[in-house]
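Understanding the architecture of this molecule
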Amino acid sequence: MILVTGSTGLTGRAVARSLDGRAPLRLALRNPGGAADLAVRGERVRFDFDDPASFGPALSGVTGVYLLRPPAMARPAAFEPLLAAMRAAGVRRVAFLSVRGAESIPLLPHRGIERRIEGSGLAWTHLRPSDFMQNFETVHRADIRDRGELWAPAGGGRASWVDVRDVAEAAARVLTEEGHAYRAYALTGPEALGFEDAARLFSAHVGHEVCYRRPSLPRYLWHQHRARRPAAFALVMAGIYTAQRLGLAAGTTPDLPRLIGRAPGSLERYIAGCSHQWRKPGGPAGATV
Ligand SMILES: NC(=O)c1ccc[n+]([C@@H]2O[C@H](COP(=O)([O-])OP(=O)(O)OC[C@H]3O[C@@H](n4cnc5c(N)ncnc54)[C@H](OP(=O)(O)O)[C@@H]3O)[C@@H](O)[C@H]2O)c1
């Protein structure tokens, strides 16, 4: 039995979909009565990272866990009771969704969590993906659709954006196949591209022109503040764009194709595959690949 945490979120939902039919599944939900749109076979169980009383029932009979750090959980030490509960429940492996470069940025909460997992006695695998392509839906959708803009203080830096569906497939393999214990995988997309390239691809596929604007970092932060975005979100995004501007987010690795047995999806394929999300209502259709 595999427990999927964050199963209403971006990656957990995709991991549950990848595991569906391959292993008995249990979906960890703060509200197990909700999430009616989760079209995945599996038990639903109440689970709250902030409520240790929910750990025992959720972990009973579980052998593998897909573990993520919800964005609001900043303290690595907060994971210790859950890791102890996993050990006590007889969990054999945990796949943790970390972040690319976590090993060299000790200030990130992800590295602190990785260290605690490594010291927990569980067989671990760290998945360290680069920036998700799906950020263009969650973070940039309105700018692209309504203003024809990609707005990010990333300069001319490139990122090896990765498709969450490929990350999910990697997680499913790690949790259902042997040979991945005590390893960390850097999961990247197939190529490193800049926002200028991304704007060109959006222009080709969403039916209107999309331009890349490069605000300065202070202007970006001021804009986020005016738009009443939470400060923690703005700072995390500023960190991601700064890493890209400094050239730290480029570069690809062979880990993902090796894990999933095929080339990961390209940014163009991703954009073309769900281009309706960025189209203006009533606008012309874009090209397809
Ligand atoms: N975006 C990127 O480019 C990127 C790249 C690499 C790594 N990451 C990492 O990915 C992680 C986020 O993963 P994601 O994008 O899948 O998250 P997400 O879409 O923001 O979803 C968060 C999930 O966690 C659940 N959750 C939140 N608080 C909870 C609690 N107290 N107890 C139980 N469940 C709780 C939410 O459930 P509810 O429905 O109940 O709220 C939701 O299912 C972060 O650690 C981030 O650093 C992101």
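What counts, and where the lines are drawn
- Residues numbered from 1 in each chain as written.
- Predicted model: local features only at pLDDT ≥ 70, side-chain atom pairs only at ≥ 80, totals over all residues.
- Heavy atoms only, no water.
- Pairing = 2+ DSSP bridges.
- Helix = DSSP H or I, 4+ residues; strand = E, 2+ residues; numbered from the N terminus.
- Axes fitted to C-alpha atoms, helices over the stretch in contact; angles between N-to-C directions.
- Contact = heavy atoms within 4.5 Å.
- Domains from an automatic or database assignment.
- Buried < 20%, exposed > 50% of the residue type's maximum accessible area, 1.4 Å probe, protein only.
- Near = heavy atom within 4 Å.
- Polar contact = N/O pair within 3.5 Å; in protein donor to acceptor, adjacent residues only side chain to side chain.
- Areas by Shrake-Rupley, 256 points an atom, 1.4 Å probe, with all protein chains shown as cover.
- Nonpolar A, V, L, I, M, F, W, Y, C, P; charged D, E, K, R; others polar.
- Core = buried A, V, L, I, M, F, W, Y, C linked by side-chain atoms within 4.5 Å.
- Right-handed = clockwise from strand over helix to strand, strands pointing away.
- Salt bridge = Lys/Arg side-chain N within 4 Å of Asp/Glu carboxyl O.

1. Let's talk about the sheet that holds strand β6 (residues 123-129)
The sheet built from 7 strands is open, its strands ordered β3-β2-β1-β4-β5-β6-β9 with parallel pairing. The two strands at the open ends of the sheet, each matched to only one other strand, are β3 (43-46) and β9 (183-187). On average, each strand axis in the sheet is tilted by 20° relative to the strand beside it, whichever way the strands run. Pairing between strand β2 (residues 25-29) and β3: 4 bridges, direction parallel. If you follow Leu-27 over to β3, its bridge partner there is Arg-44. Running at roughly 165° to strand β5 (residues 93-97), helix α7 (residues 164-176) makes contact with β1 (2-4), β4 (64-67), β5, β6 and β9 of the sheet.

2. Structural notes on the domain arrangement of the protein
We note that the domain assignment places domain 1 (2-129) and domain 2 (133-161 + 189-250 + 261-289) within the protein. The C-alpha-based centres of domain 1 and domain 2 are spaced at 28 Å.

3. Re unusual backbone geometry
Residue Tyr-182 is not a glycine yet carries a positive backbone phi of 65°. Mapped onto the elements of the fold, Tyr-182 is located in the loop between α7 and β9. The phi dihedral of Arg-228 is positive, around 60°, even though this residue is not glycine. With respect to the helices and strands, the residue Arg-228 is situated in the loop between α9 (217-226) and α10 (231-245). Take Arg-228: its relative accessible area is 75%, and that puts it in the exposed class.

4. Some points on the site of the ligand
The environment of the ligand is made up of 24 residues, and the closest members are Thr-8, Thr-11, Arg-30, Arg-69 and His-110. Separating an oxygen atom of the ligand from a backbone N or O atom of Gly-9 is a distance of 3.0 Å. Arg-69 has a polar backbone atom sitting 2.8 Å from an oxygen atom of the ligand. For the ligand, the protein covers 78% of the area, taking 940 Å² as the surface of the free molecule. Here the residues of the shell around the ligand sort into 10 nonpolar, 9 polar and 5 charged.

5. Looking at the nonpolar core
Among the nonpolar cores identified, the biggest contains 56 residues, and Leu-59, Val-65, Leu-67 and Met-86 are the most heavily contacted of them. Sort the elements by how many residues they give to this core and α7 lands first, with 8 residues. In this structure, Trp-161, Ala-198, Met-237 and Ala-238 belong to the second largest nonpolar core, which totals 28 residues.

6. Notes on the pairing of β5
With respect to burial, β5 is a largely interior element, 4 of its 5 residues being buried. Sheet analysis places β4 next to β5, joined by 4 bridges and oriented parallel. Considered in β5, the bridge of Val-65 is made with Val-94. You can see the chain leave β4, run along helix α3 (residues 80-89) and come back into β5, and the turn it takes is right-handed. In this structure, β5 lies alongside β6, joined through 5 bridges in parallel fashion. Directly across from Leu-97, in β6, lies its bridge partner Leu-127.

7. Quick notes on the environment of Ala-234
Looking at where Ala-234 falls in the secondary structure, it is placed in helix α10. Residue Ala-234 is classed as buried on the basis of its relative accessible area of 6%. The spatial distance from the C-alpha of Ala-234 to the C-alpha of Ala-53 is 33 Å, given a sequence separation of 181 residues. Not counting chain neighbours up to four residues away, the residues in contact with Ala-234 comprise Tyr-220, Leu-221 and Gln-224.

8. Section: the pattern of salt bridges
Two side chains with opposite charge may pair up if their charged atoms get near one another. The final tally for this structure, using the stated rule, is 20 salt bridges. The shortest N-O distance in the salt bridge between Glu-149 and Arg-213 comes to 3.3 Å. With Glu-149 in strand β7 (residues 149-151) and Arg-213 in strand β11 (residues 211-213), this pair connects stretches of sequence that are 64 residues apart. Residue Arg-213 is classed as partly exposed on the basis of its relative accessible area of 39%. Measuring nitrogen to oxygen at the nearest pair gives 2.9 Å for the salt bridge that ties Arg-173 to Glu-169. With a gap of 4 residues between them, Arg-173 and Glu-169 both fall in helix α7, about one helical turn apart. Note on Arg-173: relative accessible area 22%, which makes it partly exposed.

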